Amino acid sequence: MRSFDVLVVGGGHAGCEAAAAAARMGANTALVTLRLGDIGVLSCNPAIGGLGKGHLVREIDALDGLIGRVGDVAAIQHRLLNRSKGPAVQGPRAQLDRKLYAAAMRRAIADQQGLEVIEASVDSFIIKPDGRVAGVNTLLGPIAATSVVLTTGTFLGATLHHGLSTMPGGRFGGAASNRLSATVLGLGLPMTRFKTGTPPRLDGRTIDWSRMEMQYGDASPVYLSDAGFVAERRAPLPCAVTRSNPAAHEIIRQNIALVPMYAGKIDGIGPRYCPSIEDKVMRFGDRDGHQIYLEPEGFDDPLVYPNGISTSLPANVQAEFIAAIYGLERAKIVRPGYAVEYGVVDPRVLAPTLALRDRPGLFLAGQINGTTGYEEAAGQGIVAGINAARAAAQLSPMIFDRASSYLGVMIDDLVTQGVSEPYRMFTSRAEYRLSLRIDNAGERLTPVGIAIGVVGAARRDRFVARNEAIEAARRLVSKLGATPNRVACAGIAVNLDGRSRTAAEWLTHTDVDWAAATKVWPELADVPSAIADTIATDMKYAIYLDRQATSIAKFRADGGLSLPEDIDFASIAGLSSEMVDRLTAARPTTIGAATRIPGVTPSALTALLSYSRRAA
């Protein structure tokens, strides 16, 4: 029997990040996928990043992950969203060439030392008498592993819905994992079903682009990866925007009985923040239109992804309502849209490492945990891969907390609150978001990655060089000084109070940005723009960052108090039976995690805090 330290099941975004991370850490790793060609496939829209999601990508990148650098290599255009708002809520987004992305991801996986890819169908787990998962059974034979990471995406017991017709499958052309689904159910895990969907793919040559509002990428792009993995390529391609209209809405209303969700054919819960066009029409009947983003699928690919009209109506009805939309009157559907219903495990059964609490050796990552989106899946993948490798080496787990990363926010949300609908990352979910910016992801996470061995030499050297440059720039702005008169002579409106201040102090003023500061101190123009942006942001928000640092310290003081894995909440004095039930379902590992469980009362938290301090 073949044997590995870490075995990852599934070659999607979660699986690729998990397998590559484990291999970078020195674990002998295997990635098992049903088809080699499935590695790196963008199942839904051809884009990565955005608000919250772009933060996750930068954090994965800071840990030497793949999604950002591969995305930059395959980008059709880059845009920084929320550019007019504060740095904390700005997020990079890249439109991608599907074929280039998949090819680049396959190259990254093939080039990863210590990682072997196996093409096989996984049917079940190898389970030892003590309940530990010790590998998988495939049609090629059993494969043993110390740690197994399961990343099934939307394929676990999945069903495709086209109108009232159904067939097994996790995406167009992808078979469902039915045997594996039965195995997961056999573990006794709490499960539910979620639903997602995709729009029809259109032939871009049949779209009237002259009637569209064109949307171009940024002239000075902000990349997904901080490492600048950008190859020379052709000129960026624009996207375009149109809208649905009352005529298209009426066609949808007339055929609503043919939508599987409305016909009672789907039990799964769909994503609130990415509803189908049917849901938009039925739930927001007062709206006369909804935006549709026409996204090219590649430089040499005529297919266009009409983001905003996900649908599971029959193909003929899809053609009818699309023909009613401005600019799409003659648009040809190459592949109709459809809905996917798939199995999800309640993530409250997981530890913050993404390991199953009651099934040693098994980790879950990606949409199986109830999330939606490439970025959320990739983020879970890298965390699961790190911890699977550490578990295989008998090392202590690596926990990312809410104060250090969006990765920590997401995982804490999942394992303490569970999911009632597909989970999507937003900046609003992070209470410390002023400290969790895209520009400082490396400062926050790369030192951790270096310490645990997941960051390679090239990334480490780049980080050291950047860190030295940041420190040198901070010393410079702390050393340079000027009087208000000198600053005013540079054309900057300031209060002439006569008090000299350092450049760092002047940068906290509303009217003094880095460009203005270079007029006072020309030597600041030599600081690279990426370094200058980080320094200027830190200076501008210094007061708020100091307050947040105090809040984080308090969070880690009391909120970081540990609770035993095997804690019996019923034995804690002062907890009602309702509180015992809520806490037992979520099984928080810290006081902080307990505070975020819906319905847990202040008195219950007081009892837990008292118990934790006595236990310590």
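Residues numbered from 1 in each chain as written. Predicted model: local features only at pLDDT ≥ 70, side-chain atom pairs only at ≥ 80, totals over all residues. Heavy atoms only, no water.

(A) Main features of the overall build of the protein chain. What the protein chain contains, in helices and strands, is 20 helices and 22 strands. Computed over the C-alpha atoms, the radius of gyration of the protein chain is 26 Å, within 12% of the 25 Å expected from 2.2 N^0.38 for a compact globule of 616 residues. Among the 616 residues that make up the protein chain, the fraction classed as buried is 57%. When contacts within the protein chain are restricted to residue pairs at least 6 apart in sequence, long-range pairs at least 24 apart make up 73% of them. Per element, the accessible surface of the protein chain, about 25200 Å² overall, is 52% carbon and sulfur. Here the protein chain contributes 65 positively and 61 negatively charged side chains, and the mean placements of these two sets differ by 1 Å. (Helix = DSSP H or I, 4+ residues; strand = E, 2+ residues; numbered from the N terminus. Rg over C-alpha atoms; globule rule 2.2 N^0.38 Å. Buried < 20%, exposed > 50% of the residue type's maximum accessible area, 1.4 Å probe, protein only. Contact = heavy atoms within 4.5 Å. Areas by Shrake-Rupley, 256 points an atom, 1.4 Å probe, with all protein chains shown as cover. Lys, Arg positive; Asp, Glu negative; His and termini not counted. Charge placed at Lys NZ, Arg CZ, Asp CG, Glu CD.)

(B) Representation of the nonpolar core within the structure. One finds Tyr101, Phe125, Val149, Leu150, Leu362 and Ile386 to be the most contacted residues of the largest nonpolar core, which totals 93 residues. Considering each element in turn, this core owes the most residues, nine residues, to helix 9 (residues 374-392). Sequence-distant contacts of Ile386, defined by excluding residues within four places in its chain, comprise Ala21, Met25, Leu63, Met398, Phe400, Ile452 and Val454. Counting 27 residues, the second largest nonpolar core, distinct from the first, contains Ala482, Ala490, Ile531 and Ala532. (Core = buried A, V, L, I, M, F, W, Y, C linked by side-chain atoms within 4.5 Å.)

(C) Structural context of the side chain of Asn245. The residue Asn245 is located in the loop between strand 15 (239-243) and helix 6 (246-254) in this model. If we ignore the near neighbours within four places in the chain, the residues touching Asn245 are Asp288, Ala324, Ile325 and Tyr326.

(D) Here's a closer look at helix 5 (residues 178-186). Burial in helix 5 covers these residues: Leu180, Ser181, Thr183 and Val184. All buried residues of helix 5 fall inside an arc of 160° around its axis, so they share one side. Among the exposed residues of helix 5, those oriented more than 90 degrees off its buried face are Arg179, Leu185 and Gly186. Where helix 5 is buried, its residues meet strand 1 (2-9), strand 7 (122-127), strand 9 (141-150), strand 12 (191-198) and strand 19 (338-345). Positive backbone phi, approximately 80°, marks Gly188, located one or two places after helix 5. (Arc of directions from axis to C-beta.)

(E) Structural detail: the packing of aromatic side chains. Applying the stated criterion to the full structure yields one aromatic pair. Over the face of the ring belonging to Tyr423 we find Arg429, whose NZ or CZ atom lies 4.1 Å from the ring centre. (Phe/Tyr/Trp six-rings, centres within 6.5 Å; stacked < 30°, edge-to-face > 60°. Lys NZ or Arg CZ within 6 Å of the ring centre and 35° of its normal.)

(F) Focus on the pattern of salt bridges. Taken as a whole, this structure holds 32 salt bridges when the rule is applied. Between Asp288 and Arg243 there is a salt bridge; the shortest N-O distance is 3.9 Å. Of this pair, Asp288 sits in the loop between helix 7 (277-283) and strand 16 (291-296) while Arg243 sits in strand 15, placing them 45 residues apart in sequence. Measuring nitrogen to oxygen at the nearest pair gives 2.7 Å for the salt bridge that ties Arg474 to Asp538. Residue Arg474 is found in helix 12 (residues 457-479), and its partner Asp538 is found in helix 16 (residues 529-540); the two are separated by 64 residues along the sequence. Residue Arg474 is classed as partly exposed on the basis of its relative accessible area of 22%. Among the residues examined, Asp538 registers a relative accessible area of 14% and is labelled buried. Salt bridges linked by common partners bring Arg437, Asp439, Glu443, Glu471, Arg474 and Asp538 together as one network. (Salt bridge = Lys/Arg side-chain N within 4 Å of Asp/Glu carboxyl O.)

(G) Examining the packing of helix 2 (residues 53-62) against helix 9 more closely. Look at helix 2 against helix 9: their axes get within 9 Å of each other, and the N-to-C directions meet at 30°. Considered as vectors, helix 2 and helix 9 are oriented roughly parallel to each other. Crossing of helix 2 against helix 9: the hand is left-handed. For the pair helix 2 and helix 9, the contacting residues are Lys53, Leu56, Val57 and Ile60 in the first and Glu375, Glu376, Ala378, Gly379 and Ile382 in the second. Its residues assigned to classes, the contact of helix 2 with helix 9 comprises five nonpolar, one polar and three charged. (Axes fitted to C-alpha atoms, helices over the stretch in contact; angles between N-to-C directions. Parallel < 35°, antiparallel > 145°, perpendicular 65-115°, else oblique. Left-handed = near helix turned anticlockwise from the far one by under 90°. Nonpolar A, V, L, I, M, F, W, Y, C, P; charged D, E, K, R; others polar.)

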